[in-house]
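Remarks on the overall topology
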Amino acid sequence: MTAPTVEAAIHELMDLAWNVVYELLEERGLLADGLFVEEYTGIHSWLDGPKRYTVVHSRQVAVLFVETRPVDAIAFHHELLGVGDPASYFTLPG
């Protein structure tokens, strides 16, 4: 179980753009049995200059948000959590 504020932050990001997250997961073959927001229990956020990057993850999938827009999804692996630049695991737009 996650802390209420963490859970609220995850739900806010995922709920605002669930359709885009769904499409990203589907495009990358990561949808599995569907999109269940309650399975996403981890969040890591940081600033890089004026932009905020946020990774929301479940046990299987990680989704990168730039500001509040989901931009990529990958299979989750624990190395992602300890790396200095988590965004380097993802494909960033233009």
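Higher on the page you've got the structure.
Residues numbered from 1 in each chain as written. Predicted model: local features only at pLDDT ≥ 70, side-chain atom pairs only at ≥ 80, totals over all residues. Heavy atoms only, no water.

Once that is clear, we can look at the packing of aromatic side chains. Tallied over the entire structure, the rule returns one aromatic pair. For the ring pair W46 and Y53, a centre distance of 5.7 Å and an interplane angle of 15 degrees mean the geometry is stacked. In this pair, the class of W46 matches that of Y53, namely buried. (Phe/Tyr/Trp six-rings, centres within 6.5 Å; stacked < 30°, edge-to-face > 60°. Buried < 20%, exposed > 50% of the residue type's maximum accessible area, 1.4 Å probe, protein only.)

If you check helix α1 (residues 4-16), its first and last C-alpha atoms are 18 Å apart, about what 13 residues at 1.5 Å a residue would give, namely 18 Å. When we look at burial in α1, the residues that qualify are I10, L13 and M14. Down the axis, α1 shows its buried residues gathered within 95 degrees of arc, on one side only. More than 90 degrees from the buried face of α1, the exposed residues found are P4, T5, E12 and L16. Buried residues in α1 make contact with α2 (18-27), β1 (42-48), β2 (51-57) and β3 (61-66). (Helix = DSSP H or I, 4+ residues; strand = E, 2+ residues; numbered from the N terminus. Expected span 1.5 Å × (residues − 1). Arc of directions from axis to C-beta. Contact = heavy atoms within 4.5 Å.)

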